[in-house]
Amino acid sequence: MVKTKMKNKDLGILGPIIALIVLMIFVTILNPSFIKPSNLINLLRQVSVNALIAFGMSFVILTGGIDLSVGSVLALTSAIFAGVLGMGVPPMIGVVIALAVGALLGAINGILITKGKMAPFIATLATMTIFRGLTLVYTGGNPITNFSDAFSYKFIGRGYVLGVPWPVILMIIFFAIAFVILNKTPFGRKTYAIGGNEKASFISGIKTDSVKIKIYAISGFLAAMAGLILTSRLNSAQPTAGTAYEMDAIAAVVLGGISMSGGKGSIAGTLVGALILGTLNNGLNMLGVSSFYQQIVKGIVILIAVLIDRKRNK
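A short note on the overall build of the protein chain
Item 1. Along its length, the protein chain carries 13 helices and 4 strands.
Item 2. Relative to the 2.2 N^0.38 estimate, which gives 20 Å for 314 residues, the radius of gyration of the protein chain is 19 Å and therefore close to what a compact globule would have.
Item 3. Dimensions along the principal axes, computed over C-alpha positions, put the protein chain at roughly 55 × 50 × 35 Å.
Item 4. Taken over 314 residues, the protein chain has a buried fraction of 51%.
Item 5. Contacts in the protein chain between residues at least 24 apart in sequence constitute 78% of all its contacts with a sequence separation of at least 6.
Item 6. Here the protein chain displays about 14700 Å² of accessible surface, and carbon together with sulfur accounts for 71% of that area.
Item 7. Mean positive and mean negative side-chain charge positions of the protein chain (25 and 8 charges, respectively) differ by 7 Å.

Quick look at the structure:
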């Protein structure tokens, strides 16, 4: 039975991988500069932020939930990070504070959903607005800039290790951690079980509320990590940062083959989905396509992915 499930996961990722390869070939034909190493490294660096958020979103969607607040969590934790660094706090302590706040905000979502018996869509829609409002209050609606010249702060979003951007390495590290958690641990099996049938999971002895709170905390933590990378890369904490990032994360998850109804799919598919979106954005930019049309194309791609997901579930 376990072998059959693993086979289904492996087969489910073939479609996204083929789509990614075809898309890369198509873009390369239209613009050969796409395949240059410098552009591919830039593409991976751009993908890293969305991929990290999407990894957290994968846990949430696998349980049959949704998290619309990740963009606002990113903005609020980025602002707090910039604020504490501006007060002279060492960057690494600032990182710990920002990640802890991100996990706490995610846990609040989980508590509202489990203990407050709120639908995930409604709960996270409300917190999305609350967290964004708190960001605007904290920053006064203005960007926070010039708050640190420390090397460790700059390295988070702009550093390189053996020619590979540090954000890309972070993306790979967190992908590996998420992969192990979902495929090799009891927590991962509980995550899939809750998405497959939450009532049956509860009856079988799984503490569903506890698992879901932890999963939303993971989502908040990874959104905060993405925020740290973005803040370091731009050398600025913008109160509007992360706007609509939840849509990109959801799109990456669905494109990667994780079912919106929960219980099916793999984290590897999410990484491929993030790469598909990144390739699409990068390719359209290189082809000089207007950002207005890019939104239309992205929307169509998401619609197609959702329709495929519905057909697959039937």
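Overview of the packing of aromatic side chains
Item 1. On inspection of all chains with the given rule, the structure shows 7 aromatic pairs.
Item 2. The interplanar angle of 45 degrees and the centroid separation of 5.9 Å between the aromatic rings of Phe55 and Phe175 together place this pair among those described as tilted. Of this pair, Phe55 sits in helix H2 (residues 37-62) while Phe175 sits in helix H7 (residues 166-184), placing them 120 residues apart in sequence.
Item 3. A relative accessible area of 0% means that Phe55 is categorised as buried.
Item 4. With a relative accessible area of 19%, Phe175 lands in the buried category.

Notes on the pattern of salt bridges
Item 1. This model, assessed by the stated rule, comprises 3 salt bridges.
Item 2. Note that Lys115 is salt-bridged to Asp209, the shortest N-O span being 3.5 Å. Here Lys115, found in the loop between helix H4 (91-114) and helix H5 (120-139), pairs with Asp209, found in helix H10 (residues 208-234); they are 94 residues apart in sequence, far enough to count as distant.
Item 3. Classification of Lys115 by relative accessible area gives exposed; the value is 55%.
Item 4. Taking the relative accessible area as the measure of exposure, Asp209 reaches 22% and is therefore partly exposed.
Item 5. Among the ionic pairs, Lys298 bridges to Asp248, the shortest N-O distance being 3.2 Å. In this pair, Lys298 sits in helix H13 (residues 291-313) while Asp248 sits in helix H11 (residues 245-255), placing the two residues 50 residues apart along the sequence.
Item 6. For Asp248, a relative accessible area of 19% puts it in the buried group.

Examining unusual backbone geometry
Item 1. Despite not being glycine, Lys117 shows a phi value in the positive range, around 55 degrees.
Item 2. Its location among the elements puts Lys117 in the loop between H4 and H5.
Item 3. What makes Lys117 exposed here is its relative accessible area of 67%.

Here we look at the nonpolar core
Item 1. Core analysis: the biggest nonpolar cluster contains 87 residues, and Leu52, Phe55, Phe81, Met225 and Leu228 have the highest contact counts within it.
Item 2. With 13 residues, H2 is the largest single contributor of residues to this core.
Item 3. In contact with Phe55, other than residues within four places in its own chain, are Met171, Phe174, Phe175, Leu222, Ile267, Thr270 and Leu271.

Thoughts on a nonpolar patch on the surface
Item 1. On the surface, a cluster of nonpolar side chains totalling about 670 Å² of accessible area is made up of Phe292, Tyr293, Ile296, Ile300, Ile304 and Ile308.
Item 2. Among the secondary structure elements, Ile300 is positioned in helix H13.

Focus: the packing of helix H3 (residues 70-86) against H5
Item 1. At a minimum axis distance of 8 Å, the contact between H3 and H5 shows a crossing angle of 25 degrees. One finds that H3 runs roughly parallel with respect to H5. When the axes of H3 and H5 are compared, the crossing they make is left-handed. In contact with Gly71, Ser72, Val73, Ala75, Leu76, Ala79, Ile80, Gly83 and Val84 of H3, H5 contributes Met128, Phe131, Arg132, Leu134, Thr135, Tyr138 and Thr139.
Item 2. Partitioning the contact of H3 with H5 into residue classes produces 10 nonpolar, 5 polar and 1 charged.

Here we look at helix H8 (residues 186-196)
In an α-helix, one full turn covers 3.6 residues, which means residues spaced three or four apart are oriented alike.
Item 1. Among the residues of H8, those classed as buried are Phe187, Gly188, Thr191, Tyr192, Ile194 and Gly195. Each buried residue of H8 lies within a common arc of 160 degrees when the element is viewed along its axis, so the set occupies one face. What points out from H8, more than 90 degrees from its buried face, is the exposed set Arg189 and Gly196.

Considering the environment of Leu14
Item 1. Turning to its location among the elements, Leu14 is positioned in helix H1 (residues 2-30).
Item 2. Its relative accessible area of 45% is what places Leu14 among the partly exposed residues.

Rules used in this analysis
- Residues numbered from 1 in each chain as written.
- Predicted model: local features only at pLDDT ≥ 70, side-chain atom pairs only at ≥ 80, totals over all residues.
- Heavy atoms only, no water.
- Helix = DSSP H or I, 4+ residues; strand = E, 2+ residues; numbered from the N terminus.
- Rg over C-alpha atoms; globule rule 2.2 N^0.38 Å.
- Buried < 20%, exposed > 50% of the residue type's maximum accessible area, 1.4 Å probe, protein only.
- Contact = heavy atoms within 4.5 Å.
- Areas by Shrake-Rupley, 256 points an atom, 1.4 Å probe, with all protein chains shown as cover.
- Lys, Arg positive; Asp, Glu negative; His and termini not counted.
- Charge placed at Lys NZ, Arg CZ, Asp CG, Glu CD.
- Phe/Tyr/Trp six-rings, centres within 6.5 Å; stacked < 30°, edge-to-face > 60°.
- Salt bridge = Lys/Arg side-chain N within 4 Å of Asp/Glu carboxyl O.
- Core = buried A, V, L, I, M, F, W, Y, C linked by side-chain atoms within 4.5 Å.
- Patch = residues over 30% accessible without salt bridge, like charges linked within 9 Å, V, L, I, M, F, W, Y side chains within 5 Å.
- Axes fitted to C-alpha atoms, helices over the stretch in contact; angles between N-to-C directions.
- Parallel < 35°, antiparallel > 145°, perpendicular 65-115°, else oblique.
- Left-handed = near helix turned anticlockwise from the far one by under 90°.
- Nonpolar A, V, L, I, M, F, W, Y, C, P; charged D, E, K, R; others polar.
- Arc of directions from axis to C-beta.

So yeah, pure geometry; function would need other evidence.
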